[in-house]
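Here are the chains, one letter per residue:
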Amino acid sequence: MENSCEALCRSLVAHNGLQSESVDISQSVLYTSLMGLLLVADKKADIPLGSGQVGLRNIGNTCFLNSVVQCLSHTRGLRDYCLTKAYLQDKHSKQEPVLMNAFTQVLSRLWHTEGRDTVVNPSRFYSAFKEAVPYFSGYSQQDAQEFLRFLLDRLHTEINRRPAKCPPGTDTAEPKHKCFRLSEQAAVMWKKHLQRDDSRIVDLFSGQLRSSLHCSVCSHYSNTFDVFCDLSLPIPKRSGDKVSLKECLDLFSQVEKLDAENAPLCERCCRRTASTKRLTIQRFPKVIVIHLNRFTTSRYSISKSTVCVTFPINNLDLGPYGPVDCGPVLYNLYAVCYHSGTVNMGHYTACCQKEDGWWYYNDSSVQQVPVDQLQSSQAYVLFYQLNNSSLRK
């Protein structure tokens, strides 16, 4: 059965025009993959959902939690995975996934078909989260993006398909000779990552960044690859009250000049030399979370940028920030987390897309909003879904 399942997965990979040698199919994920394929093939197997027009009670400065949970509850790949409780068969650990169960319970009540709740109390989930991440203990206001990072990391840990410690000899061996193709280097590092960290969270939110360093003395290029679950973008400082998301991405990916004192060692020169550095996206995630870095910390204070960053609702093209000649890579917006107020007196809300339009979630209050109200100087975290049809076959 195992061999036939893997053969089916590989035939599907080939059918979609992907190179089989670049695809790592773990046996532990076969169950989830095949169940997902069966659900797609059988429209009658669609998960029954309620309206989703349900708020979350603020239980003491928890608007940061409420806004992020609403955005995640509209992340279909995660929501459906939770509601079917597929993680119980998927995870490697024998320990009870306390936080994932509590998170799933909140989602179940938000999307209950009978519409029994107009407001859900997330206290059990919040208690489980604080138990897992004591840093968030107490009832002081927290940063929504920081909470999102911690939450995804803890959920991943509970439902990881890999053991906490990999058995000896299972790590991908470092190549004895350098790969000539950049894509091969990236694939080796990605496979090594999946040998330790492989979960539905990784499936959806994880991508790969490439940091390219160019030595000005010998012209040698060296590359490092890092996994990311969100992109934290700087906001350009200039006169005027508006900038575009493209300008933020351009600033994030622009060539940075490093003097010899601040540059790392050149692999060829074996010394620190003046260099240039650039960040690009090597592997695009299915869901890309874009954090607009509005808060700046100085020596004595924290300030907030109130510049309005305009962003596309559909067809955000990240292709120019990826590998050379990768073509268009299009994303569609489905959720936004907002921060209003000041650094010390702020409030978080969210807007999320459903089939009947966009809905505004302000703790326990829920109301429909027109799409032209999404653009705001309060936009803080953007959630985009990859448009698979835009990828090259």
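Here, the structure is the one placed above.
My aim in this report is to walk through the structure given alongside it, one point at a time. Treat the numbers as computed from the prediction; the structure is a model and nothing was measured. Going along each chain's sequence as written, the residues are numbered from 1 onward. For a predicted model such as this one, the threshold for reporting local features is a pLDDT of at least 70, and the threshold for listing and counting side-chain atom pairs is 80 or more; totals across whole chains, interfaces and linings nevertheless cover every residue. Calculated side-chain values reflect all of the structure's heavy atoms, with hydrogen atoms and water omitted.

## Re the overall build of the chain
What counts, and what does not: For the purposes of this entry, the term helix denotes a DSSP run of H or I that reaches at least four residues, the term strand denotes a run of E that reaches at least two, and both are numbered from the N terminus. Summary of the burial criterion: residues with accessible area below 20% of their type's maximum are buried, those above 50% are exposed, and those between are partly exposed, where the area comes from a 1.4 Å probe applied to protein chains only. The contact rule is simple, with two residues in contact once any of their heavy atoms fall within 4.5 Å. Note on areas: Shrake-Rupley, 1.4 Å probe, and residue coverage restricted to the protein chains presented here.
Helix and strand counts for the chain come out as 11 helices and 18 strands. Looking at the chain as a whole, 44% of its 393 residues are labelled buried. In the chain, the proportion of contacts linking residues at least 24 apart, taken out of those at least 6 apart, comes to 66%. Accessible area for the chain stands at about 20700 Å²; split by element, carbon and sulfur atoms hold 51% of it.

## Quick notes on the packing of aromatic side chains
Two measures describe an aromatic ring pair: the distance that separates the ring centres and the angle between the ring planes. Defined as follows: Pairing of aromatic side chains here covers Phe, Tyr and the six-membered ring of Trp, requires ring centres within 6.5 Å, and sorts the geometry by plane angle: under 30 degrees stacked, over 60 edge-to-face, intermediate tilted.
Throughout the structure, instances matching the rule amount to 14 aromatic pairs. Seen from their ring centres, Phe129 and Phe136 are 5.1 Å apart, and the 65° between their planes marks the pair as edge-to-face. Across the pair, exposure class does not vary: Phe129 and Phe136 are buried alike. In this structure an aromatic cluster arises from ring pairing among Phe64, Tyr126, Phe129, Tyr135, Phe136, Phe147 and Phe150.

## Section: the packing of helix 7 (residues 123-132) against helix 8 (residues 144-159)
Put simply, the test is: Where helices are involved, their axes are fitted lines through C-alpha atoms of the stretch in contact, as for all axes, and angles between N-to-C directions lie from 0 to 180°. By the definition adopted for this analysis, an angle is roughly parallel if under 35 degrees, roughly antiparallel if over 145, roughly perpendicular if from 65 to 115, and oblique otherwise. Residue polarity follows a fixed list, in which Ala, Val, Leu, Ile, Met, Phe, Trp, Tyr, Cys and Pro are nonpolar, Asp, Glu, Lys and Arg are charged, and the others, Gly among them, are polar.
Packing of helix 7 against helix 8 brings their axes to within 11 Å, and their N-to-C directions diverge by 85°. The pairing of helix 7 with helix 8 is recorded here as roughly perpendicular in orientation. On helix 8, the residues touching Phe125, Phe129 and Ala132 of helix 7 are Phe147, Phe150, Leu151 and Arg154. Each residue belonging to the contact of helix 7 with helix 8 can be placed in one class, and the counts come to six nonpolar, no polar and one charged.

## Concerning the side chain of Thr75
Tracing the chain through its elements places Thr75 in the loop between helix 3 (63-73) and helix 4 (76-83). With sequence-adjacent residues up to four places away left out, Thr75 is seen in contact with Phe205, Val287 and Tyr334.

## Things to note about the packing of helix 4 against helix 6 (residues 98-110)
Two elements in contact, helix 4 and helix 6, have axes whose closest approach is 9 Å; the angle formed by their N-to-C orientations is 105°. Classified by the interaxial angle, the pair formed by helix 4 and helix 6 is roughly perpendicular. Only Met100, Phe103, Thr104, Leu107 and Ser108 of helix 6 make contact with helix 4, whose side of the interface consists of Leu78, Arg79, Tyr81, Cys82 and Leu83. When grouped by side-chain class, the residues that make up the contact of helix 4 with helix 6 number seven nonpolar, two polar and one charged.

## Comments concerning the sheet that holds strand 3 (residues 207-215)
Counted only if it meets this: Two strands qualify as a pair provided DSSP detects at least 2 bridges between them.
The four strands lie next to each other as 4-3-8-7, forming an open sheet whose pairing is antiparallel. The sheet terminates laterally at strand 4 (221-228) and strand 7 (256-258), the two strands that pair on one side only. The mean inter-strand angle of the sheet, taken between neighbouring strand axes irrespective of direction, is 30°. Across eight bridges, the pairing between strand 3 and strand 8 (residues 275-283) is antiparallel. Considered in strand 8, the bridge of Ser212 is made with Arg278. Sitting on the sheet, helix 9 (residues 182-194) touches strand 3, strand 4 and strand 8, and the angle it makes with strand 4 is about 35°.

## Some remarks on the pairing of strand 4
Two faces, one strand: in a regular strand the side chains alternate between the faces of the sheet. Bridge analysis of strand 3 against strand 4 gives eight bridges, and the strand direction is antiparallel. Following the sheet pairing, Leu213 is matched in strand 4 by Ser222. Linking two consecutive strands that pair antiparallel, namely strand 3 and strand 4, is a turn of five residues; a positive phi of about 65° is found at Ser219 within it.

## What about the pairing of strand 16 (residues 357-362)?
By the bridge criterion, five bridges tie strand 15 (residues 346-354) to strand 16 in an arrangement that is antiparallel. By the bridge assignment, Gln353 is partnered in strand 16 with Trp358. The antiparallel hairpin formed by strand 15 and strand 16 contains two residues in its connecting segment. As paired strands, strand 16 and strand 17 (residues 365-369) are joined by five bridges and run antiparallel to one another. Bridging from a neighbouring strand, Tyr360 pairs with Gln367 of strand 17. Counted between consecutive antiparallel strands, the loop separating strand 16 from strand 17 contains two residues, among which Asp363 sits at a positive phi close to 55°.

## Quick notes on the pattern of salt bridges
Worth spelling out the cut-off: When a carboxyl oxygen of Asp or Glu lies within 4 Å of a side-chain nitrogen of Lys or Arg, that pair is called a salt bridge.
Enumeration according to the criterion identifies 10 salt bridges in this entry. Notably, a salt bridge pairs Arg161 with Asp198, separated by 2.8 Å at the nearest N-O pair. Taken together, the residues span a long stretch of sequence, with Arg161 in the loop between helix 8 and helix 9 and Asp198 in the loop between helix 9 and helix 10 (200-205) at a distance of 37 residues. For Glu184, the salt bridge goes to Arg181, with nearest N and O atoms at 4.0 Å. Members of the salt-bridge network, linked through shared partners, are Asp90, Arg161, Arg162, Asp198, Arg200 and Asp203.

## A few points about the nonpolar core
To keep it simple, the criterion reads: What is meant by a nonpolar core is a set of buried Ala, Val, Leu, Ile, Met, Phe, Trp, Tyr and Cys residues, joined one to another through side-chain atoms within 4.5 Å.
Ranked by internal contacts, the top residues of the largest apolar core, which has 53 residues, are Leu72, Phe103, Leu110, Phe125, Phe147, Phe205 and Phe383. Ignoring any residue separated from it by four or fewer positions in sequence, one finds Phe383 in contact with Cys71, Leu72, Leu148, Ile288, Val289, Asn332, Leu333, Tyr334 and Ala335. Among the nonpolar cores identified, the runner-up in size contains 35 residues, and Val243, Leu249, Ile281 and Leu318 belong to it.

## Overview of the state of the cysteines
Our working definition: The disulfide definition used here is simple: a pair of cysteine sulfur atoms within 2.5 Å.
Throughout the structure, instances matching the rule amount to zero disulfides. In this model Cys269 remains outside any disulfide bridge; the closest cysteine sulfur is found in Cys218, 3.5 Å from its own. For Cys269, a relative accessible area of 21% translates into the label partly exposed.

## What to know about the side chain of Lys304
Under the convention used in this document: Neither His nor the chain ends contribute to the count of charged residues, in which Lys and Arg are positive and Asp and Glu negative. The definition of a polar contact used here is a pair of N or O atoms within 3.5 Å, where within protein one atom must be able to donate a hydrogen and the other to accept one, and adjacent residues in sequence count solely through side-chain atom pairs.
Structurally, Lys304 is set in strand 11 (residues 302-304). Of the buried charged residues, Lys304 lacks a salt bridge, with Asp143 as the closest side chain of opposite charge at 9.6 Å. Among the polar contacts made by the side chain of Lys304, one reaches the side chain of His339 at a distance of 2.9 Å. At 3.1 Å, the side chain of Lys304 forms a polar contact with the backbone oxygen of Gly341. In contact with Lys304, other than residues within four places in its own chain, are Arg294, Phe295, His339, Ser340, Gly341 and Val343.

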